[in-house]
2 protein chains.
Amino acid sequence: MIKNSTINHQLNHRTIRAFKSKTLTKEQLNILYSVASHTPTSMFMQQMSIMHITDPDKRTAIREVSKQPYVGANGDLFIFLVDLYRNQQIRHQKGKDDGRLHTADIFFQGVDDAIMAAQNVIVAAESMDLGVVPLGSIKNDPQKLIDILDLPKMTFPVLGLQIGIPDQQPQLKPRLPLKFTTFDNSYPRDVNIDDLKDYDQIVTTYYDLRDANRRVDSFTNQIAGPKLDQHYTKRDEIMKVLHQQGLCTDENIG
Amino acid sequence: MIKNSTINHQLNHRTIRAFKSKTLTKEQLNILYSVASHTPTSMFMQQMSIMHITDPDKRTAIREVSKQPYVGANGDLFIFLVDLYRNQQIRHQKGKDDGRLHTADIFFQGVDDAIMAAQNVIVAAESMDLGVVPLGSIKNDPQKLIDILDLPKMTFPVLGLQIGIPDQQPQLKPRLPLKFTTFDNSYPRDVNIDDLKDYDQIVTTYYDLRDANRRVDSFTNQIAGPKLDQHYTKRDEIMKVLHQQGLCTDENIG
């Protein structure tokens, strides 16, 4: 049996949405930043930056974008940026044009950098028995977030993290059995919801602490339900906002 | 001092591009898959799948796309997919339409799922003293890779990983000092390459084992150089290929 402390923590991951009031120490911050910095980076371009949001007005404004009451409450708040601005400035000061910096390819490489750094920080934080919630909700209104943070063009706030000492103990949320998500050499097109009956049953035993009076709906009901139904949302402005930021502007190539 | 074994491994990360011939054991595979499965997932949609490529012809074909001689040589090869196909099938079998599955928003949430899972697997593998190379090079020809893997629509191969017992010992590759990548509350627009002189000097002391006869160029020279200069590449077909896969199709909304 080869599980070690790292893997045990990873298999025990639970998203934490309530934290104690104590903020992270300088030492903890430095460790998390160093881990982020040592993440793999595509073509060594290092197109990721992290913003630590301690200003109370900014935290409140970000909570309003996220529409989640725990955002900007207790816990240190970080915004991970795809950052192509730094490399753009470097190229300009070396007398070069923007080159490939406006392409979808280079944008996606920056996304890889930022998202991998965020997950690396999650693992480091959880190894120190801190709790973390990833915040995709910062993309509920991408332009608003850019305005709150006064970000330059060529950057994009792709994911938030809130990190602190846990003040709740959620259950482990059951994942799809591996036979549905891991494949050898070929992709099995025959997905049958009858095969998901057992898993659906297991999911309904899970209590989400955000609404602890009732169990969650089955997995297939969730997927077939409102979160993926067609509806209006400012989240759909993401491509327009990216283009306004000078990012990912070449979708008509090829 | 609060560093632990997890963090020590993370800070010691080096990309490994040469592996011994022994493949991963069933136990190692199961642990890596379980770690991937326990990664945070956006809105619990679990839009990530992993393909393990053992077929020699497929490994060769993927090496030809990557143009890297170590791809599909020793080491277990994995392709991480953004997988919206599974949820599309679930919705259809529940009598629902595709809903938001073709939006950029939901595609990007799948990207978050897949990339976070890949990084989580990297950490787990390295904690077992295995070596890993992330393969962004699988996107050198996105349509070709989809054809090699015979992938259905609504999926996209976003990142590869090759994992095995290391057969080389690269140096630690120096990262940008944290003052250039981590910010409190506001983004500092004044990037000055003079401030990067010391870092540039440190980078030039690094030997890349892919070309061990010479040191690498400075960071600012790399950024101002060919890898970001305008040039033709099939990598720029990514948006067209995504659209052909039925993904990210709404860039004209809003």
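Note that the structure is predicted; figures quoted are calculated from it, not measured.

## Section: the side chain of glutamine 162 of chain A
Part 1 of the reasoning: Structurally, glutamine 162 of chain A is set in strand S4 (residues 155-164).
Part 2 of the reasoning: Of the polar contacts made by the side chain of glutamine 162 of chain A, one reaches the backbone nitrogen of glycine 72 of chain A; its length is 3.0 Å.

## A look at the nonpolar core
Part 1 of the reasoning: Core analysis: the largest hydrophobic core is formed by 168 residues, its most contacted members being Ile62, Phe156 and Ile163 of chain A together with Ile62, Phe156 and Ile163 of chain B.
Part 2 of the reasoning: Sequence-distant contacts of isoleucine 62 of chain B, defined by excluding residues within four places in its chain, comprise Ile53, Val71, Leu77, Ile79, Ile138, Leu145, Ile148 and Leu149 of chain B.

## Here we look at unusual backbone geometry
Trans is the prevailing form of peptide bonds, just as negative phi is the prevailing case for residues other than glycine.
Residue and element names in this part refer to chain A.
Part 1 of the reasoning: Phi at aspartate 150 is positive, roughly 50°, even though this residue is not glycine.
Part 2 of the reasoning: Inspection of the secondary structure assignment puts aspartate 150 in the loop between helix H6 (142-149) and S4.
Part 3 of the reasoning: One non-glycine residue, cysteine 248, adopts positive backbone phi at about 60°.
Part 4 of the reasoning: What makes cysteine 248 buried here is its relative accessible area of 1%.

## Some thoughts on the side chain of glutamine 88 of chain A
Part 1 of the reasoning: Along the chain, the position of glutamine 88 of chain A falls in helix H4 (residues 85-93).
Part 2 of the reasoning: If sequence neighbours within four positions are ignored, glutamine 88 of chain A has contacts with Asp98, Leu101 and Met154 of chain A.

## Regarding the UniProt feature "domain: Nitroreductase" (unreviewed entry) in chain A
Part 1 of the reasoning: UniProt marks residues 13-164 of chain A with the feature "domain: Nitroreductase" (unreviewed entry), using the numbering shown here.
Part 2 of the reasoning: With 42% helix and 19% strand, residues 13-164 of chain A has its two end C-alpha atoms placed 14 Å apart.

## Concerning the sheet that holds strand S3 (residues 131-135) of chain A
Within a beta sheet, neighbouring strands are joined by backbone hydrogen bonds and run either parallel or antiparallel to one another.
Part 1 of the reasoning: Within the open sheet, the five strands sit side by side as S3(A)-S4(A)-S2(A)-S1(A)-S5(B). Their pairing is mixed. Two strands in the sheet have a free side with no partner beyond their single neighbour: S3 of chain A together with strand S5 (182-184) of chain B. The sheet shows a mean angle of 25° between the axes of neighbouring strands, taken without regard to direction.
Part 2 of the reasoning: Bridge analysis of strand S2 (residues 76-83) of chain A against S4 of chain A gives eight bridges, and the strand direction is antiparallel. What sits directly across from phenylalanine 80 of chain A, in S4 of chain A, is leucine 159 of chain A.
Part 3 of the reasoning: Sheet strands touched by helix H2 (residues 26-37) of chain A: strand S1 (48-53), S2 and S4 of chain A together with S5 of chain B. Its angle to S1 of chain A, the strand with the most contacts, is close to 160°.
Part 4 of the reasoning: Of the strands in this sheet, S1, S2 and S4 of chain A touch H6 of chain A, which is tilted by about 75° from S4 of chain A.

About the cut-offs
- Residues numbered from 1 in each chain as written.
- Chains lettered and ligands numbered in written order.
- Predicted model: local features only at pLDDT ≥ 70, side-chain atom pairs only at ≥ 80, totals over all residues.
- Heavy atoms only, no water.
- Helix = DSSP H or I, 4+ residues; strand = E, 2+ residues; numbered from the N terminus.
- Polar contact = N/O pair within 3.5 Å; in protein donor to acceptor, adjacent residues only side chain to side chain.
- Core = buried A, V, L, I, M, F, W, Y, C linked by side-chain atoms within 4.5 Å.
- Buried < 20%, exposed > 50% of the residue type's maximum accessible area, 1.4 Å probe, protein only.
- Contact = heavy atoms within 4.5 Å.
- UniProt positions renumbered as here; feature names shortened; annotations may be inferred.
- Pairing = 2+ DSSP bridges.
- Axes fitted to C-alpha atoms, helices over the stretch in contact; angles between N-to-C directions.

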